[in-house]
Amino acid sequence: MEEFRWYYPNSIEEAVGLLELQGVVPHGGGTGIIRGKLDRYKGLISLEGLGLDYIKEVDGVVEIGATATYHDVIEFCGAVCGECILVKSLSRAASTPLRNRITIGGSVAYFPIWSDLMGPLIALDATVSILGKNEGEYPVQELARNRSLKSHSLIKSLKFKRFNGFTYYYRAARTHFDYGSFNITMLASFDDGVFSDVRFVLVGSKAKFQRLAEIENGLIGRAPSDVDVPGLIGELYNSIEFHNTRIGSAEYTKSVALVEIERAIYASFKAMEGEK
Amino acid sequence: MKKFKNVGKPVKKFDGVSLAVGAAKFTDDFELKDALHLSILYSPYAHAEIEDIDVSEALAVDGVVDVLTYQNVPQKLFTTAGQGYPEPSPYDSRILDRKVRFVGDRVAVVVAESKRIAEEAKKKIKVKYRVLEPIFDPERAMDDDAPMIPDPEAHMIIPAKYDPKRNLAAELDISYGDLEAGFEEADFIEEHTYWTHYGAHAMLEPHAAAAYIDEMGRLVVISTTQVPFHARRILSMVLDIPLRKIRVIKPHLGGGFGGKQEIILEPLVALVTWRHQRPSKIVLSREEVFVSTRVRRSARLRLKTGVKKDGTITALEMDVLLNGGAYGTHGLTVLSNVGSKSLPMLNKVPAMRFFARSVYTNLPVAGAYRGYGATQAYFAINQQIDMIARKLGIDVLDYWKRIHIREGETSKIFELIGEGREGTPQLITSEHLDEAIDLGAKEIGWYDKRGKRIEVEKDRVRGVGMAVAMQGSGIPLIDMAAARMKMNDDGSFNLYVGATDIGTGSDTILAQIAAEVLQIPAEMIIVHSSDTDFTPFDTGAYASSTTYVSGGAVKKTAEKVKEQILKVASEMLNAPMDSLFLEDGRVIQRDTGKSVTFSEIALRSLYMENQFQIEATESYVGEISPPPFIAQFAEVEVDRKTGFVRVIKFVSAVDCGQPINPRLVEGQVEGAVMNGITWALTERYIFNQQGRMVNNNFGEYKIFTPPDMPEIVTIIVDSYEETGPFGAKSVAEVGINGPAPAIANAIYDAVGVRLFDLPFTPEKVYKALKTTDN
Amino acid sequence: MTGKFRINGREYSIEFDPRDTLLTVLRENGFTEVKEGCSEGTCGACAVLLDGKVVNSCMVFAATAIGKEIITSRGLGDQNNPHPIQEAFAEVGAVQCGFCTPGFVISTFYLLQRNPDPTEDEIKKALDGNLCRCTGYVKIIEGVKLAAERMKNEKV
């Protein structure tokens, strides 16, 4: 059997240098790598010594280091803003012991279709800082679409502007601890009885992740009483498609998604009502 | 209620702390120096013949010691079913066979110095298969043009209908009364077909086995078995090793539920260790447990009932087709239990026919599973009765009270259907189902909720449903258990039982029974169980037999010991035996109040005068199998828009006779309930076109974790079974029979859709809601 | 490769394959209280505390646990001196086959360290990574409540 080894770089520069090696990839929490076929790798780079497990907020911009775990994010954001969208979504991800292990960087790198991180990040217009071959700062969608960006590169951190408005998260799953079939993220701000900002993301459809412009445009600038909700849902009928999912057939999943999108909208109406 | 010192008390399970700490040893926890590790190569095809198998490259791998294939292992046919002798299951299996019959059937076993080497070397085995047409649909298994699945030499060793050429594993056709006249007489016929699905036992400990040669050259097998004595007998038979040279030990066992009532891995480690005279070991992965061990068989049940306007059921016909998968293990007996554990509930029906078949298919092998056929039957019966009651316009609770079997009554079925033979006539000696129904109804809030369709939130509607069931307590005149007990210097006792504690706490309750007889604290009994060398025979942990049958043996044994104690005490106190009684570890003379302690008695008998060992061995065979009864209630919430079903609350009221240990009784019911709920809602075997299970892990085969659980309430109904040890019956299985039908009935109550096939996935509910258009 | 591991307060120098999981290393070195139920992070039977946090040891490369504090169920108590959680589990009937129990004990310990007075809902969520097929969880939840109560009183 071929030699397999671990690298423990002490600086980001050293880590970036190691990315040159063939068959060697960064290891965050390891939950993704450990279940895959290890034969694919010749070695793993432990990111632990790099100090990337930080989370900070400066002037309303939250920055999360790549090796911060889901648990760390829930603790930090929970303390800062209570009901923020990442607390809602990541609390539903995987299980307690796994959330202590899954890192933000690893999740961004693999971005599985059932990820509970993807929707909120897209809605938050988050960006990802990458070091190495493709050094730069990329919108999270771009990274998710273009997997080659990750080759010989290291995810350093995530950044997004803190969102203080209405947040809603729905996850379709068979049980509490399950891979979600799809999820819905909604962020909204209200101003004097009308929607001033709406960000609506569906993850898990055939498009993998999509912002639902129909909903966003149908709500922004309107009061709930002026919104034709059935009309909006009807419009969506042709723009979202699913594969078969864990909860059921493609057609069924779509029906559930439409119901839950509608429920998200009504929840936002109710929240606006409550604010008055 | 009777007064007891030990019985009826929540005595702490003896091994609880040891297990919680992690000190208790399971099969995989034994360190075997220089052990060989086994890794199994499985068939990728559902039905194929091995044309050629080349293991040379695997054998050449450094560290590989042996590769087993059908060419170099004994080819005796046997049954993997861990049942009494002669087994009522077909002899249709070989340790390794030339033909493979499901995806997951064994092709070869690599034996190596480490697990990693064995797994690597396995990839180098070259197999040329001649692929045969598979049969996945049980309805097609007996078609004229269907390929024959079992071995051409497969046979039963008891007289029973068995036709391997037609893929028929078992058949029963039992009837009494005039069926035609009954249907004729009815005002209406209620006839429906129900489908139940495969299920995994999903015990947390994967199957494992280890073997070594002891210092006397004997073969010792440690395994995750519910049936150590059957394992020893079958090993000896299959491997041609004299039985006296084999010792089987069941250490701590991580859950069985019937899944470990099978001799699957023991022959492999026994063969390797015997052949190479070295220790060996195998522990299955979770995927292997799902695919290659055993499942609950699926069923199609057609139930036809003739009903008069006054509610009288005039005739009943149950037509059953079971899918047993690739081998026939437990086929006939599960089939029997579909009828024998369910139809007696409706003993007032004057005419019945039970026609049932179990067939072979090229899917994973069905074995024993908690409920053992009764679960499938009650799914149909409880929905059928719910529908009839609704048609009659009466509350189903009242209807059940009118029709269920009662104390002092019997059913023709008891004598017509046994286990692989005719049954045993029996009267119901204890039955408190009405109380169970009333207590359960009160707890669930039946009269406030039934038919109310309470909408707790927009489109989320609640409903309640219920089910009743019974089971048995061992197999009458077949299951035998023995116990041995000896007294120690300090007045403590060693209790040796063949009974197999698989996590149920049977060691503890058996000690409680012995302690009750001897009027001492249960801690004074040290229990040793399930070692074929040191403990007397017991058929094993199945058929809800341990409390009633093994408990019966322990009670008899303790009574014998008590007699000897009294005899010594009477010498010591110089008083007639009948003037003496036991209390708190002493023997007391009724008139004088003089007493001697157990320790004084032991010391005298062991060291001083008229020396002998106070000890006894006794056996027990049940002449009847008094059924426990249960009434179970589900409250569900159905999302009318999406079809998602959530169980809000689940109540069970059980008549299990006198509970020996109420906490452990509750634990049995609660575990069975949760297992039943997830089987109804989220568990499912998903196969691809080739017959391969695609969701073979806990990530995809969903059972609940704590956040999913509903409120679960268990009520133990006051009851006493005169024939049982201190009034006990049994409780392990009965609780799994109600959840699926109770949930189905509750869904109907909430949203008016009737679900006939399991599991109730949200999509099925959604589709039913669409078509019902309510 | 070789690494120094701190397990239950003692240091061990252990040789292992760089691809080994922490679960494998622990079990092969006698810590058999850490159980292998699925090896894919879904059952929780192999839960241990790694630097104070509950993890599935099957989802951790041993190489990343070098130098860290590892606590198993036997590190919390033994047969003659069980931890209040272990005692409470045994007492209320939360232990049936017991295969999953050391994992539940660890998850419970992690919860009660962070939240000594959890609600029933918080208890259930904290145990979302542990499977049990015997108990239906009813007595496990009861055991956590009893342990919380006793640990609170002990501290007072």
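Residues numbered from 1 in each chain as written. Chains lettered and ligands numbered in written order. Predicted model: local features only at pLDDT ≥ 70, side-chain atom pairs only at ≥ 80, totals over all residues. Heavy atoms only, no water.

Undergrad: Pulling in residues and values, what's your account of the sheet that holds strand E26 (residues 615-621) of chain B?
TA: As a general point, the strands of a sheet are linked pairwise by backbone hydrogen bonds and lie either parallel or antiparallel. All names here are of chain B. The 4 strands are arranged E22-E21-E20-E26 in an open sheet whose pairing can be described as mixed. Pairing within the sheet leaves two strands with one partner each, and these edge strands are strand E22 (525-529) and E26. In this sheet, adjacent strand axes meet at a mean angle of 20° when their direction is disregarded. Pairing analysis gives 5 bridges linking strand E20 (residues 480-487) to strand E21 (residues 493-497), with the strands arranged antiparallel. The residue bridging Arg484 from the neighbouring strand is Tyr496, located in E21. Packed on one face of the sheet, helix H14 (residues 506-518) meets E20, E21 and E22 and runs near 140° to E22. (Pairing = 2+ DSSP bridges. Helix = DSSP H or I, 4+ residues; strand = E, 2+ residues; numbered from the N terminus. Axes fitted to C-alpha atoms, helices over the stretch in contact; angles between N-to-C directions. Contact = heavy atoms within 4.5 Å.)

Undergrad: Describe the interface of chain B and chain A, and please don't skip the residues or the numbers.
TA: The interface of chain B with chain A comprises 20 residues on the first partner and 18 residues on the second. Surface buried jointly by chain B and chain A totals about 1600 Å² across both partners, of which 53% is contributed by carbon and sulfur atoms. In terms of surface lost to chain A, no three residues of chain B exceed B:Phe644, B:Lys702 and B:Glu763, which account for 31% of the buried area on that side. Our count for the contact surface shared by chain B and chain A stands at 3 salt bridges. Between B:Asp639 and A:Arg263 there is a salt bridge; the shortest N-O distance is 2.6 Å. (Buried area = accessible area lost by both parts, 1.4 Å probe. Salt bridge = Lys/Arg side-chain N within 4 Å of Asp/Glu carboxyl O.)

Undergrad: Before we move on, can you summarise the domain arrangement of chain C with the specific residues and values?
TA: Residues and elements named next belong to chain C. For chain C, the assigned domains are domain 1 (2-75) and domain 2 (84-155). The centre of domain 1, based on its C-alpha atoms, is set 21 Å off from the matching centre of domain 2. Taken together, the 17 residues of domain 1 in the interface contact 12 residues of domain 2. Overall, the association of domain 1 and domain 2 removes approximately 1100 Å² of surface from exposure, summing both partners, and the carbon and sulfur fraction of that is 66%. Broken down residue by residue, the surface that domain 1 buries against domain 2 is led by Leu49, Val54 and Ser73, which jointly contribute 38%. (Domains from an automatic or database assignment.)

Undergrad: Tell me about the nonpolar core, and name the residues and values.
TA: In terms of nonpolar packing, the biggest core is built from 235 residues, with B:Met318, B:Trp400 and B:Phe760 touching the most fellow members. No other element matches the 11 residues that helix H9 (residues 374-392) of chain B contributes to this core. When sequence neighbours within four positions are dropped, the list of residues in contact with B:Phe760 reads B:Phe379, B:Ala680, B:Leu681, B:Ala740, B:Ile743, B:Ala744, B:Ile747, B:Leu755 and B:Val765. Among the nonpolar cores identified, the runner-up in size contains 85 residues, and A:Ala94, A:Val108, A:Leu187 and C:Cys46 belong to it. (Core = buried A, V, L, I, M, F, W, Y, C linked by side-chain atoms within 4.5 Å. Buried < 20%, exposed > 50% of the residue type's maximum accessible area, 1.4 Å probe, protein only.)

Undergrad: Mind laying out helix H6 (residues 266-276) of chain B, listing which residues take part and the relevant values?
TA: Residue and element names in this part refer to chain B. With 8 of 11 residues buried, H6 is to be regarded as a mostly interior element. Looking at H6, one finds that the buried residues are Glu266, Pro267, Leu268, Val269, Ala270, Leu271, Val272 and Thr273. With its phi angle positive at about 55°, Gln277 sits one or two positions after the end of H6.

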